[in-house]
Amino acid sequence: MMKKLRKINPLLIIVLVCSVFWLMPLALIFINSFKPHNDIIMDFLALPKSWSLDMYIETWVMFEFPRLVGNTLLYTVSSIAVVALLAPMAAYKLARTKDRLSKVCFGLIIMPMMVPFQSYMISLTRLTANVNLSGTRLGYIMVNIGLLMPLAVYMIHGFVKNVPIELEECARIDGASRIRTYFNIVLPLLKPILTTVVVLDALATWNDIITNQLIVGGKQQAMNISSALYMQFSANTSDWEHALPGIVMSMIPALIFFVFMQKHIMGGITDGAVKG
């Protein structure tokens, strides 16, 4: 018995304990999503008296979930498509151009990462309103793309430095143009880090609340799922019995997506480590 205890890896125990603490809030959200409001408030830790899906169906109808899912998918797919198209081009050009202007442009692009979002979010909101994009889906998509681009360019820029430039030189010797060299040689090699960027940005867009609230405001037709659920809470009321089923339904696609793509996240971050 003592030998078996000695064989237990302490690191495994730490991981299991951390996993329990991480999963506990998710488990409580799931359990309480089946309870009426009074049971949630009075006995938050207890199991539900019945596992009926009535609250899920009521929430689905009440929140017009098909519209919210459609909005969130539109924001996620359109933002990620633009970032995945433009960020590698910008990062590749900046990484391969060795002059002062390129360094200045790179610094300006990643500068929003160094400044707290709260310091410029009011100016961003005013700018969006001045160009008549406030409260619109297009306005939110454009702002979201701008917020996602700095980190994407930064990560891909570091990865491009690890791509041997000799491959591009060989392609050009064989007569390939710069555009063909980029799409046929460089872009396929960027797949690991590009996949990582897509996954991280997709999850960030799907779960976004602050930016959607700032740009869309109270326009229900343009809200995403997280923003619509957030609107159910105020200083006076908290609609837990509908918010919790909504949270569970909104988490399911994100969790499934993350589980299937997590190996690409770690691989892309490891392969894209910036050289000193």
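Structure: see above.
The following paragraphs examine the structure supplied in this document. Values in this document were obtained by computation on a predicted structure and should not be read as measured data.

Our next topic: helix α8 (residues 137–160). In an α-helix, one full turn covers 3.6 residues, which means residues spaced three or four apart are oriented alike. Spanning 24 residues, α8 covers 33 Å between terminal C-alpha atoms, matching the ideal 34 Å at 1.5 Å per step. Of all the bends found along α8, the most pronounced is centred on M149 and spans about 35°, while P150, a proline, follows it within four residues. In terms of burial, α8 is largely enclosed, as 17 of its 24 residues are buried. Two or three places before G139, at the start of α8, stands the capping residue T136, its side-chain oxygen 3.0 Å from that residue's backbone nitrogen.

Once that is clear, we can look at unusual backbone geometry. Even without a glycine there, the phi angle at E64 is positive, about 55°. Examined against the element boundaries, E64 turns out to sit in the loop between α4 (54–62) and α5 (65–96). Phi at N132 takes a positive value of approximately 60°, unusual for a residue other than glycine. With respect to the secondary-structure elements, N132 resides in the loop between α7 (121–130) and α8. A relative accessible area of 66% means that N132 is categorised as exposed.

Position of S250 relative to the elements: it lies in helix α14 (residues 240–271). By relative accessible area, which is 9% here, S250 ends up buried.

Our next topic: the packing of α8 against helix α11 (residues 191–206). Where α8 meets α11, the axes come as close as 10 Å, and the angle between the chain directions of the two elements is 150°. Relative to α11, the element α8 is oriented roughly antiparallel. The crossing of α8 and α11 is right-handed. Contacts between α8 and α11 involve Y140, N144, L148, A152, M155, I156 and F159 from the former and P192, I193, L194, T196, V197, L200, D201 and T205 from the latter. Looking at the contact of α8 with α11, its residues break down into 11 nonpolar, three polar and one charged.

Put simply, the largest pocket is a space of about 290 Å³. Taken together, 14 residues form the lining of the largest pocket, with L147, L148, A204, D208 and T211 sitting closest to its centre. Those elements that provide at least two residues to the lining of the largest pocket are α8, α11 and α12 (210–216). The dominant element in the lining of the largest pocket, judged by the number of residues it contributes, is α8, at four residues. Here the residues of the lining of the largest pocket are counted per class, giving eight nonpolar, four polar and two charged. By volume, the second largest pocket is sized at about 250 Å³. Residue lining of the second largest pocket: M89, Y92, K93, R96, T97, I165, E168, R172, R178, I179, Y182 and F183, and that is the complete set. Put simply, the parts of the chain that give the lining of the second largest pocket at least two residues each are α5, α9 (165–173) and α10 (178–189). Grouping the amino acids of the lining of the second largest pocket by side-chain chemistry returns six nonpolar, one polar and five charged.

Criteria and thresholds
Residues numbered from 1 in each chain as written. Predicted model: local features only at pLDDT ≥ 70, side-chain atom pairs only at ≥ 80, totals over all residues. Heavy atoms only, no water. Helix = DSSP H or I, 4+ residues; strand = E, 2+ residues; numbered from the N terminus. Expected span 1.5 Å × (residues − 1). Bend = angle between axes of the 7 residues up to and from the residue. Buried < 20%, exposed > 50% of the residue type's maximum accessible area, 1.4 Å probe, protein only. Polar contact = N/O pair within 3.5 Å; in protein donor to acceptor, adjacent residues only side chain to side chain. Axes fitted to C-alpha atoms, helices over the stretch in contact; angles between N-to-C directions. Parallel < 35°, antiparallel > 145°, perpendicular 65-115°, else oblique. Left-handed = near helix turned anticlockwise from the far one by under 90°. Contact = heavy atoms within 4.5 Å. Nonpolar A, V, L, I, M, F, W, Y, C, P; charged D, E, K, R; others polar. 1 Å grid on protein atoms, 1.4 Å probe; cavity = no way out; pocket = protein on both sides within 12 Å on 5 of 7 lines; lining within 4 Å. Points joined across faces, edges and corners; volume = space filled by probe spheres on them.

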